[in-house]
Amino acid sequence: MKNRSVRARRLALAFFKPADFTPALSASAMAVLSLVSGAALAQTMGAEVVVTASRTEQILTDVLPHTTVLGRDAIEQSQVLDLPTLLSREAGFQFTQTGGRGGQATAFLRGAASLQVLVLVDGVPVTKQDTTGAVSLEHIMLDQVDRIEIVRGNVSAIHGSGAVGGVIQVFTRQGQGQPTVYASAERGSQGTQRWNAGTHGAAGPLAYAVSVGRLRTDGINAANLSQTLNANPDADGYRNNNHALSLSYQLSPEHKLGLRSTHFKGLFDYDVPGSFSAPTDVHQGRTQLDSHTLYWSGRLGPLWSSRLNYSDARERNDTATVGGYSFTTLAQTRTRMLSWTHQWDLPSMVLTAELDQQTQGIDMATDGVSGLSRERKAYALYGGVVYKRAAHNLQFNVRRDDVDNLSAKDSVYLGYGYDLNAQWKLIASHATAFNMPPLGYLFDPYSGNPNLRPETANTQEAGVQWAQGPHRVRSTWFSTLTKDLLLYDMASFQFSNVSRVKNRGLETSYSGRFHMTDLRASLSLQDPVNEATGQQLVRRAKTLASLSVSQSLGLLSLGGTVRYTSARPDIEGKPGLPSNSLLDLTARYSLSRDWTLYGRVENATDSRYQTAYGYNQLPRTTTLGLSWKMKH
């Protein structure tokens, strides 16, 4: 299960005056940017290798689930800072956020909420066992990320609980190649400052990668004062400190030991409007995500490879309110996992098997008084086969998960692809999935319900793919039915299995290159409906679209992205959210082999929009930065 990362990196060091920077673009520069309208995001798809879709290395065009890869080149050229903003440009993705940068973000993938979208960091599940169940993606900064793989649809048979809408796997930087040192710094609107620095490479049997980063911004007022009551009118700032470490040692040509560690800490101000609040109340929070993994990988025979992992992942959330009613809260999720994976490479076929053991825990407290402290064990047995011969492609996965005090769940993925010719492929699949209730949903003293059942889902898909050279088009029709949906029931004031939802749709993605022009595009048409009420699911749009274009003009590259989200309902009692379109523009200029000047304008049309009623989103922002990279 080796990850082959894209090896281009363009990051470096810069110094700026302490005064705030708000660059003004000339009319001619704006005209050029408008003509090219794009962010350079293209990659050579035919050679791209992925592992998340089947837990084996596959060429992207051979993969049966609808999968997208974003390598380091794409991340750097987009100039995006955080994970939600980058993913919002991809097919099927939608995010809501309560305020500006650092505000609580909720992901929707194919209409499935954050609780039903599994997040992995270097193969380690990042779960949240409190009463939100939503992993804090808004604090994962892209400075530490080397590669992202997105797999859409029910893939619990491959990755376990939570993979109803799909899987997001984040790979951090790895040591490889000749020693390289890099750094970058930037300044922008709202007093935003960001810098990062690092080094990676290999020296004999030792490979290493280490990087550190910091972001701070004065932010905007998260609450919309005309739509909310008693919100504090001050700006809600955000700070993020992050670092990552990767070490590996080649014991012999066939055996390797390694260590990976990541850390993201977000410090944020936020607003809690309402009749029990006062405009002078101050709300502050801290979220810290840490993941540590120790692994061994090696070959046990000519066709047999194996990997043993031990990981410890934690997310800690602290909040403090100072005002008329002051209080503090704490919620800490921890996941320890031991996994042993085996792979047999046979002619025309790859077999995989894995044993997992997880220990999941939650500690919650208010004003220092414990409200919940629970722990549970989860065991899993997984097997899979990937077969390719002539025009036929087959993938079959089966998995059994057994969690303390909950019924064991079996899940299956069966996919088939047929190559009509070298360019065209027909694809069909059936999959089942499940999602175990978080410990907070089960045992919270105020809203918990120990009688909850796991969510279950099944999906049917049919698709077609065309791929030639750097071009790839994938169009997938899907139908997903989810039963025993986990929601907070306002009638009983506790979590319940209250509904079943269905989503049918067609999602299409394209990426390619025409001479010096890179293109990416996506269109998602869906109908996410609560079958009990017949109503459209809250905050889910029926239409999502994006277009990214990048043009290289010698030393200069210009680009931009347009995103469209259709109208959608908000929570009950709130007005609906109107449709919105956003335009982001970027520019990069190579000053020399080592130095690059870059800039961006986000929300270039200064669109006033909301993803949750009562909360503001960032207006037009401008940023200028300088990067440096030196290879030894």
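Predicted, not measured: the structure shown is a model, and the values here were computed from it.

Participant: Residues and numbers for the pattern of salt bridges, please.
Facilitator: The final tally for this structure, using the stated rule, is 37 salt bridges. A salt bridge links Asp527 to Lys542; its shortest N-O distance comes to 3.5 Å. Note that Asp527 is positioned in the loop between strand 26 (517-526) and strand 27 (529-530) and Lys542 in the loop between strand 28 (535-536) and strand 29 (543-553), a separation of 15 residues in sequence. Among the salt bridges present, the one from Arg593 reaches Asp594, with a minimum N-O distance of 3.5 Å. Counted as one network, the salt bridges with shared partners bring together Asp82, Arg101, Asp143, Glu186, Arg194, Arg600 and Glu602.

Participant: Hey, could you go over the nonpolar core for me, with residue numbers and the actual values?
Facilitator: Counting 32 residues, the largest nonpolar core has Leu83, Leu87, Leu137, Leu142, Ile148 and Ile168 as its most contacted members. Elements with a minimum of two residues in this core: helix 2 (72-78), helix 3 (83-87), strand 4 (93-97), strand 5 (105-109), strand 6 (117-121), strand 8 (145-152), strand 9 (166-172) and strand 14 (255-270). For Leu142, the residues in contact, after removing those within four places along its chain, are Arg72, Ile75, Val80, Leu81, Asp82, Leu83, Leu86 and Ile148. Counting 13 residues, the second largest nonpolar core, distinct from the first, contains Leu60, Val151, Val155 and Ile158.

Participant: Which residues make up the pairing of strand 14, and what are the values?
Facilitator: Note that strand 13 (residues 236-252) and strand 14 share 14 bridges and pair antiparallel. Counterpart to Gln250 in the pairing with strand 14 is Lys256. Between strand 13 and the antiparallel strand that follows it, strand 14, lie 2 residues. Sheet analysis places strand 14 next to strand 15 (residues 282-299), joined by 16 bridges and oriented antiparallel. When the bridges of strand 15 are listed, His255 appears paired with Gly298.

Participant: A description of the sheet that holds strand 6 should follow, citing residues and the corresponding values.
Facilitator: Strand order across the open sheet formed by 5 strands is 3-8-9-6-7, with mixed pairing between neighbours. Strands at the two margins of the open sheet, each flanked by one partner only, are strand 3 (67-71) and strand 7 (124-125). Note: strand 3 against strand 8, 5 bridges, orientation antiparallel. The residue of strand 8 that forms the bridge with Thr68 is Ile150.

Participant: For the side chain of Thr180, give the residues involved together with the corresponding values.
Facilitator: Within the fold, Thr180 resides in strand 10 (residues 180-188). In this structure the side chain of Thr180 is engaged in a polar contact, spanning 3.2 Å, whose partner is the backbone oxygen of Gln178.

Participant: An account of a nonpolar patch on the surface is needed here, citing residue identities and associated values.
Facilitator: Taken together, the side chains of Leu206, Val210, Leu245, Leu247, Tyr249, Leu251, Leu257, Leu259 and Leu294 present a nonpolar region at the surface, about 710 Å² in accessible area. Among the secondary structure elements, those contributing two or more residues to the nonpolar patch are strand 12 (206-220), strand 13 and strand 14. Its place among the elements puts Leu245 in strand 13.

Participant: Residues and numbers for the environment of Ser566, please.
Facilitator: Tracing the backbone shows Ser566 in the loop between strand 30 (556-565) and strand 31 (580-590). Distance from Ser566 to Ser211, taken between C-alpha atoms, is 39 Å for residues 355 residues apart in sequence. Not counting the four nearest positions on each side in its chain, Ser566 is found in contact with Ala541, Lys542, Thr543 and Ser579. A polar contact is formed between the side chain of Ser566 and the backbone nitrogen of Thr543, at a distance of 3.0 Å.

Participant: Tell me about the packing of aromatic side chains, and please be specific about residues and values.
Facilitator: In the structure shown here, the tally under the stated rule is 7 aromatic pairs. With a centroid separation of 6.0 Å and an interplanar angle of 50°, the aromatic rings of Phe268 and Tyr270 are classed as tilted. Overall, Phe268 belongs to the buried group, its relative accessible area being 14%. Each ring, one from Tyr441 and one from Phe495, has its centre 3.9 Å from the other, and the planes form 15°; the classification is stacked. With Tyr441 in helix 5 (residues 439-443) and Phe495 in strand 25 (residues 494-514), this pair connects stretches of sequence that are 54 residues apart. Here Tyr441 matches Phe495 in class, with each residue buried. Ring pairing ties together the aromatic residues Tyr441, Tyr488 and Phe495, which thus form one cluster. The ring of Tyr295 has Arg307 sitting right over it, with the charged end atom 4.1 Å from the ring centre.

What counts, and at which threshold
Residues numbered from 1 in each chain as written. Predicted model: local features only at pLDDT ≥ 70, side-chain atom pairs only at ≥ 80, totals over all residues. Heavy atoms only, no water. Salt bridge = Lys/Arg side-chain N within 4 Å of Asp/Glu carboxyl O. Helix = DSSP H or I, 4+ residues; strand = E, 2+ residues; numbered from the N terminus. Core = buried A, V, L, I, M, F, W, Y, C linked by side-chain atoms within 4.5 Å. Buried < 20%, exposed > 50% of the residue type's maximum accessible area, 1.4 Å probe, protein only. Contact = heavy atoms within 4.5 Å. Pairing = 2+ DSSP bridges. Polar contact = N/O pair within 3.5 Å; in protein donor to acceptor, adjacent residues only side chain to side chain. Patch = residues over 30% accessible without salt bridge, like charges linked within 9 Å, V, L, I, M, F, W, Y side chains within 5 Å. Areas by Shrake-Rupley, 256 points an atom, 1.4 Å probe, with all protein chains shown as cover. Phe/Tyr/Trp six-rings, centres within 6.5 Å; stacked < 30°, edge-to-face > 60°. Lys NZ or Arg CZ within 6 Å of the ring centre and 35° of its normal.

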